Amino acid sequence: MTLYIDSKLNFTDSNVVSTLGSWHPSLPLLALGSYNQEKGGFVTIFQENGLALEGCEWPILLSNQVTAMAWHPTRKLLVVGWDGGELYIWLEYSWARLEAPHNAALTTVAFSLGGGRLLAADAAGSLSGWQSASGAPLTSFHHQLGDVITHVTFCPVRPTGETSIRGLARAAVAGDENALDALAAWRPRTTARMREGSQPDNHACYAAQDNGAILYIDHAGSCSEVLNAPGNIIFMGMISNVYLLMAWENGGALSLTRFITSDDGNITTDTHVRMAARNGQAIVLTGNYCVAVITGDNLIRVWDSENGDNDVLPNENDEVVAGDIFTSISYCNLSDTLCCGTSQGNLYFWRRDHRNHWKLISSTSIKGTVKEVSWGSEGLMNPLLHVNCITSVFILREQPVCWGYTPNIWMVQKSAYEIAITNKMELTSSIKTQITVRAFAFKDQYVALGDGKEVQLYIKSGAVASAIRVAAEASAWHLVWRAGSASTTHALHAATILETAEQTEQAIALYQKAGKPHMALKLALGCGDTSAMLAAVESLGERVEPSLARKLAAHLRRADHHSHAAALLATAGEYEEALDIVEQSSAPLTEELAERLAAPAGAVGRDALLRRLADVLGARGLYHHAAKRLASTGDKAGAMRWLMRSGDADRIATFAAATRDRAAQLMAADYLRRHAAWRARADLTRHILHFYTRAKAHGKLAAFYAECAKMEVDEFGNFEKALEALKEATRCLSKTSDPETGSQIMALQEQSTLVKKYLDLKKLLESGETNDGVASGQQLLRALSGRPGLVTEEKVLKLLVELTPSHPDNPTFEKQLQKLTQQPQEDAQSVDSTDQSIEEVI
């Protein structure tokens with residue numbers, strides 16, 4: 001049997017109402033959107049232990065509330081939408097606002113399964129698509145649809161195995177001739193392999209509107225209507241990578257329909273069921289082609305879309321509180337568990353057995369009406385359950401029931417806080433505690449209960465000293481340490497026992513608690529285990545005395561353990577001395593030590609200490625940590641300098657996108673343009689354009705557009721894109737008041753004219769107007785004679801030779817081209833500078 005143990009989440013403010021919750025798909029991070037009358041709307045990210053993530057400055061909007069949230073499937077990237085149309089992102093460094101084309105409340109934000117596409121929709125019918133594979137999301141497309149999008153479901157990567165064959169077979173039986181042809185031509189593929197390190201993704205998706213229309217949005221962002229449902233759509237999801245399941249309400253009943261999807265987005269009805277439902281808003285997929293629906297006050301119907309079977313929960317023998325109303329359900333694929341929350345704060349858990357029957361495995365209760373339940377996990381291993389009761393929020397985790405027995409007595413755990421006891425005379429009693437029971441031990445008249453961190457001893461007679469003795473006899477050293485920690489009177493006794501048992505770290509901690517620092521020091525130095533000594537002193541936390549820390553650090557330095565000495569002094573708050581040790585020694589500076597050396601908020605002289613630490617980290621090559629420390633002081637430009645030293649283009653782009661500091665963004669754009677492979681990566685090109693635009697560096701932005709134009713011509717021969725880039729460069733220069741831009745605008749206009757003439761020439765020749773084309777080509781050659789630029793004599797001659805093979809002048813063009821290519825060419829000198837003028841670039 002199992003129990004679910006709850007931990008209440010603690011907010012820093014009082015009277016908080018939580019409206020939305022979202023788990024990270026692969027990390028134990030829970031994002032909550034909340035509201036407070038004094039504070040307004042805000043977001044908090046909690047860890048699995050119920051504590052808020054440290055080092056984050058949460059965005060707060062006084063008059064707005066959070067309306068939509070979505071996590072990137074693999075990165076530490078959270079997107080939050082607000083009822084004023086604001087769109088914020090949280091990257092690992094900090095929060096930043098996206099420049100989004102929305103002015104109404106965000107109704108939906110969603111990532112594709114691989115994380116490469118982000119969609120956002122608002123209450124005014126506006127839809128925006130974003131590229132989100134790396135760095136901060138960048139706008140890809142925007143549509144004004146008019147009707148509101150209420151649900152988005154991304155298409156999975158198309159399978160090639162049995163699942164897709166099953167879908168083709170069903171479609172063929174239904175009369176789909178295309179599916180029949182595809183099935184007849186199918187052969188198994190046994191050698192195809194996915195490219196190692198690739199992340200499969202599908203940017204296409206289905207979107208439901210409030211008018212019942214279903215849209216298919218393809219990879220390019222184009223929208224097409226594939227269905228118009230006869231009711232209000234309340235659910236949409238993918239089943240087994242092939243089927244699209246939709247639910248809509250009409251005439252007081254709920255319709256569930258499974259569709260077969262095709263590669264072009266079209267859908268074909270596969271199977272359908274209609275059921276009465278008074279609470280059809282609570283629907284969830286439950287694996288194995290099944291879907292669960294709350295259809296009544298205390299009734300759940302599980303429909304198998306593959307064979308049409310129906311299960312009804314609760315089962316006949318399941319104990320459910322009378323008069324309770326089911327309010328929310330959620331399914332955990334990791335443990336195959338279905339959870340249901342109720343209006344009275346009860347939680348019921350069902351799991352399928354080997355015969356595919358749902359069995360009630362546990363139930364528990366919390367304080368409040370359950371509004372929402374949702375599953376997350378600790379690294380895709382241990383399931384975690386989020387329960388939102390509006391004014392309070394909990395995280396629950398599963399654990400086995402604690403139990404034990406002897407010939408005279410037996411015990412079993414009834415709840416998180418209660419143990420039931422029965423003796424051989426069948427007399428019953430119970431122990432109720434304030435801690436969450438995760439383990440216990442007992443002997444004779446003693447019982448010990450523990451939550452894995454804190455332990456309480458329940459003693460019918462005797463004293464703490466007896467409890468220490470019983471725990472020692474059972475070799476339960478952790479219980480000895482906890483009992484000794486209960487009072488300074490018994491700490492010395494427990495420390496002596498632990499020292500004898502060679503439990504060095506715990507003995508050192510109790511000697512310190514007993515007011516015997518010299519004995520703690522003697523034991524620490526005598527054992528010769530410096531890591532144990534360090535861990536024991538660190539466990540004392542803020543109670544570490546600076547004088548004791550200095551003594552231990554001196555011994556550690558003499559033993560050539562400089563890193564441990566620095567960490568010890570930092571733990572005691574002696575950051576200056578700790579940094580002195582690091583600077584004077586050549587000991588390795590690990591990431592863990594770097595974290596310890598960072599003075600916390602409120603420390604005296606914190607900014608100066610962090611700047612000094614950043615210099616030390618940078619000198620040791622830990623550029624990312626150096627940047628993080630400077631960013632904590634508000635020096636975004638300084639942080640960017642260290643990131644540039646690292647050469648990590650992705651981190652540079654991510655940090656610049658997250659910060660609102662224009663100087664840092666300008667530095668990032670210059671670095672990426674000069675050192676990063678932006679010509680081969682479209683995302684870096686977009687970042688450079690975005691950073692220059694945010695920094696209002698119109699001259700550099702124009703020069704970069706000109707450089708893009710040159711790349712399009714030299715590397716791809718794409719004169720159309722080059723012309724568009726030149727036009728953008730001209731627009732940028734028109735925004736600056738620099739008097740020297742006049743000549744640069746003239747140079748851009750001249751190059752634009754020549755590129756347009758080249759395109760006109762190519763169009764003439766490709767249309768068959770050879771004589772007119774040759775005349776235009778000869779005129780263009782005369783204009784280009786001896787002049788550098790995007791269009792050269794060589795490019796024009798190659799075009800004429802290629803497209804006028806039968807013209808009398810073709811041999812002349814070939815001779816001119818041969819003569820031109822035989823002339824010694826001057827090596828193009830690439831100036832490694834972002835301050836080149838337009839003339840130098842083109």
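Residues numbered from 1 in each chain as written. Predicted model: local features only at pLDDT ≥ 70, side-chain atom pairs only at ≥ 80, totals over all residues. Heavy atoms only, no water.

Topic: the pattern of salt bridges
So, point 1. In this structure the tally under the stated criterion is 29 salt bridges.
So, point 2. Linking E583 and R612 is a salt bridge whose minimum nitrogen-to-oxygen distance equals 2.8 Å. Highlighted residues: E583 in helix α11 (residues 575-584) and R612 in helix α13 (residues 606-619), separated in sequence by 29 residues.
So, point 3. On the basis of relative accessible area, E583 is assigned to the partly exposed category, the value being 42%. (Salt bridge = Lys/Arg side-chain N within 4 Å of Asp/Glu carboxyl O. Helix = DSSP H or I, 4+ residues; strand = E, 2+ residues; numbered from the N terminus. Buried < 20%, exposed > 50% of the residue type's maximum accessible area, 1.4 Å probe, protein only.)

Topic: the pairing of strand β20 (residues 253-261)
So, point 1. Here β20 lies mainly inside the structure; nine of its nine residues are buried.
So, point 2. With burial as the criterion, each face of β20 is covered, one bearing A253, S255, T257, F259 and T261 and the other bearing L254, L256, R258 and I260.
So, point 3. One ladder, built from eight bridges, connects strand β19 (residues 243-250) with β20; its direction is antiparallel. The residue of β20 that forms the bridge with N250 is A253. (Pairing = 2+ DSSP bridges.)

Digging into the nonpolar core
So, point 1. Ranked by internal contacts, the top residues of the largest apolar core, which has 116 residues, are L597, M640, L672 and V796.
So, point 2. Examining the composition of this core, we find that nine residues originate from one element, helix α19 (residues 698-716), more than from any other.
So, point 3. Not counting chain neighbours up to four residues away, the residues in contact with V796 comprise Y758, L761, G777, L780, L781, L784 and V791.
So, point 4. Core analysis: the next-biggest nonpolar cluster, separate from the first, contains 19 residues, A448, A471, V480 and A507 among them. (Core = buried A, V, L, I, M, F, W, Y, C linked by side-chain atoms within 4.5 Å. Contact = heavy atoms within 4.5 Å.)

Focus: helix α4 (residues 477-484)
So, point 1. When α4 is considered as a whole, its buried residues turn out to be L479, V480, A483 and G484. On an axial view of α4, the arc spanned by its buried residues comes to 130 degrees, and they lie on one face. (Arc of directions from axis to C-beta.)

Comments concerning the confidence of the model for the chain
So, point 1. Confidence in the prediction of the chain, expressed as mean pLDDT, is 85, and 88% of residues score 70 or more.
So, point 2. A low-confidence stretch, residues 189-198 (pLDDT under 50), is modelled with one contact involving residues beyond four sequence positions or located in other chains.
So, point 3. The low-confidence segment residues 827-831 (pLDDT under 50) makes one contact with residues lying over four places distant or belonging to another chain. (pLDDT = per-residue confidence, 0-100.)

Observations regarding the packing of helix α3 (residues 464-473) against helix α5 (residues 488-500)
So, point 1. One can describe the packing of α3 onto α5 by two numbers: an axis separation of 10 Å at closest approach and a directional angle of 15 degrees. In terms of their interaxial angle, α3 and α5 are classed as roughly parallel. Judged by the twist between their axes, the crossing of α3 over α5 is right-handed. Contacts from V464, A465, I468 and A472 in α3 reach H490, H493, A494 and I497 in α5.
So, point 2. Within the contact of α3 with α5, the residues separate by chemical class into six nonpolar, two polar and no charged. (Axes fitted to C-alpha atoms, helices over the stretch in contact; angles between N-to-C directions. Parallel < 35°, antiparallel > 145°, perpendicular 65-115°, else oblique. Left-handed = near helix turned anticlockwise from the far one by under 90°. Nonpolar A, V, L, I, M, F, W, Y, C, P; charged D, E, K, R; others polar.)

Topic: the side chain of S126
So, point 1. In this structure, S126 sits in strand β12 (residues 126-131).
So, point 2. Since its relative accessible area comes to 2%, S126 is described here as buried.
So, point 3. Side-chain polar atoms of S126 contact the side chain of H142, separated by 2.6 Å.
So, point 4. Those residues in contact with S126 that sit more than four places away from it in its chain are P101, H102, A120, A121, H142, H143 and Q144. (Polar contact = N/O pair within 3.5 Å; in protein donor to acceptor, adjacent residues only side chain to side chain.)

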